[in-house]
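# Summary of structural features
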Amino acid sequence: MLSTEKIIDAMSEQGLRITDQRKTLAKLFGEHSGYLSAKDVYEFMGKKYSGLSFDTVYRNLRVMQELGVLEQIVFEDGVKFKASCSEDHHHHHMICLQCEKTYPISFCPVSMADTPDEFQVVKHKFEVFGYCKDCRQPADAGLSVNPLSGHSGEH
């Protein structure tokens, strides 16, 4: 995970003006290891900056994501953001649906995709969702609800 300083440095190197609000955002993500929704960030920022609009918060999250300092993941309950990994190589993630702990996947499956010759891949995302060993329900718990499909039963 990128530190507060690395987030600020990356924003500055890309020509982004480093305002007090952006420093606060960098500190929030640099010190928080989990995922945050735009609403979470808005509520946190609103405590320090009265009159701050949700649009301003969301726009800054998008800019930070486009600069590569934040990762954006789509969960069942919406889009969430997290400080980007500090790993320098291309990789993907396994994410626990309960505690949101994230594990790196060093293998990239895109090279195995049956991509037609007329298609050029320029960007891709690959996340695997499941439950870590601490959040996993015992195997004898019977039928459960699949949180990604909303259907009951074994799959």
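Please refer to the structure placed before this passage.
First things first, this report covers the structure right here in the doc. (Residues numbered from 1 in each chain as written. Predicted model: local features only at pLDDT ≥ 70, side-chain atom pairs only at ≥ 80, totals over all residues. Heavy atoms only, no water.)

What follows covers the pattern of salt bridges. Tallied over the full model, the rule gives six salt bridges. We note a salt bridge from Lys-39 to Glu-43, for which the minimum N-O separation is 3.8 Å. Placement of the pair is Lys-39 and Glu-43 together in helix α3 (residues 38-48), with a separation of four residues, close to one helical turn. We classify Lys-39 as exposed; its relative accessible area is 53%. According to the relative accessible area criterion, Glu-43 is partly exposed, its value standing at 43%. Lys-80 is the salt-bridge partner of Asp-77, the closest N and O atoms lying 3.5 Å from each other. (Salt bridge = Lys/Arg side-chain N within 4 Å of Asp/Glu carboxyl O. Helix = DSSP H or I, 4+ residues; strand = E, 2+ residues; numbered from the N terminus. Buried < 20%, exposed > 50% of the residue type's maximum accessible area, 1.4 Å probe, protein only.)

Counting through the fold element by element, Met-64 comes out in helix α4 (residues 54-66). Judged by its relative accessible area of 1%, Met-64 falls in the buried class. Here the alpha-carbon distance between Met-64 and Ser-84, two residues 20 residues apart in the chain, equals 9.9 Å.

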